[in-house]
Structure formats: structure tokens, C-alpha cells
Amino acid sequence: MASSREYLEFILGQLSGLEEITHRAMMGEYILYYRGRVIGGIYDDRLLVKPVPAAVSRMPEAELPYEGARPMLFVGDVDDREFLAELIGAMYEELPAPKPKKRRQALQEREK
């Protein structure tokens, strides 16, 4: 089941207190970014985040959403805007920086 645009809009509204939240549609689901780093996504109308230590410490009761999935944590309390903002903010430093695009790398190499 693909995620609905309505659920995406709801989650984006809940995260509206954070600057630089973006998303990208991918195969019927949505990847979520905070300040250019992947924080998780919306899958089957559920918010899932990467299991970095900051997320695990705030949601110790969270489980993997389904067997065979990449390790992600299901965020059950999406109605609490303050919790979501704190969670995403705390996760940021533990998330990997985006990989440079190959084309961008080639341009940077030429500039040297």
C-alpha cells in the first residue's frame, strides 16, 4: 500500500516548526530530509526514522515495523509536535552527511 499525500501533508505540518524539512517521493512512499540529511520516511502511512542512538533513547519501546525492512523505528506519537521537533533535532548530528553527487564531484575536481 502506498502512502497518501494527505498523511505526508499531516506529518509535514507536524514538523513545520523545523526549518529545512524536505521530502522526495519514491515508489509510492516519501523520503524525509532535515537540513539535507535523510531522517527517515513515510511508509504505508507510518512515520519511520533511522535508528540512531538519539532516536532509540527517546523511543525505547519502538520496534522494527516489519521483518526484512531496513532498520527503522516506528514513531507512534506523531500528534506531539514538540516531541517530533526534539526527536529530529537530536537525531541530526548522528545522521550521515549526504554523499556528494558524482556530477558535482566531477565539477569540483575540474575546479581544482
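Scroll up for the structure.
Read on for an overview of the structure. If you're wondering where the values come from, they're calculated on a predicted model, not measured in any experiment. (Residues numbered from 1 in each chain as written. Predicted model: local features only at pLDDT ≥ 70, side-chain atom pairs only at ≥ 80, totals over all residues. Heavy atoms only, no water.)

Counted by the stated rule, this structure contains 2 salt bridges. A salt bridge links Glu-9 to Arg-5; its shortest N-O distance comes to 3.2 Å. On the criterion of helical spacing, the pair formed by Glu-9 and Arg-5 is a turn pair, its members being 4 residues apart in helix 1 (residues 5-14). By relative accessible area, which is 40% here, Glu-9 ends up partly exposed. (Salt bridge = Lys/Arg side-chain N within 4 Å of Asp/Glu carboxyl O. Helix = DSSP H or I, 4+ residues; strand = E, 2+ residues; numbered from the N terminus. Buried < 20%, exposed > 50% of the residue type's maximum accessible area, 1.4 Å probe, protein only.)

So, on to the packing of aromatic side chains. On inspection of all chains with the given rule, the structure shows 2 aromatic pairs. For the pair Tyr-7 and Phe-10, a centre-to-centre distance of 6.1 Å together with 40 degrees between the ring planes defines the contact as tilted. With Tyr-7 and Phe-10 both in helix 1 and 3 residues apart, this pair spans about one turn of that helix. Residue class for Tyr-7 comes out buried when judged on its relative accessible area of 17%. Measuring from ring centre to ring centre gives 5.5 Å for Tyr-34 and Tyr-92, while their planes differ by 80 degrees; the resulting arrangement is edge-to-face. Taken together, the residues Tyr-34 in strand 2 (residues 29-34) and Tyr-92 in the loop between helix 3 (81-91) and helix 4 (102-111) connect sequence positions 58 residues apart. Note on Tyr-34: relative accessible area 10%, which makes it buried. The ring of Tyr-92 is capped by Arg-35, whose NZ or CZ atom sits 4.1 Å from the centre of that ring. Lying over the aromatic face of Tyr-92, Arg-37 brings its terminal NZ or CZ to 4.3 Å of the ring centre. (Phe/Tyr/Trp six-rings, centres within 6.5 Å; stacked < 30°, edge-to-face > 60°. Lys NZ or Arg CZ within 6 Å of the ring centre and 35° of its normal.)

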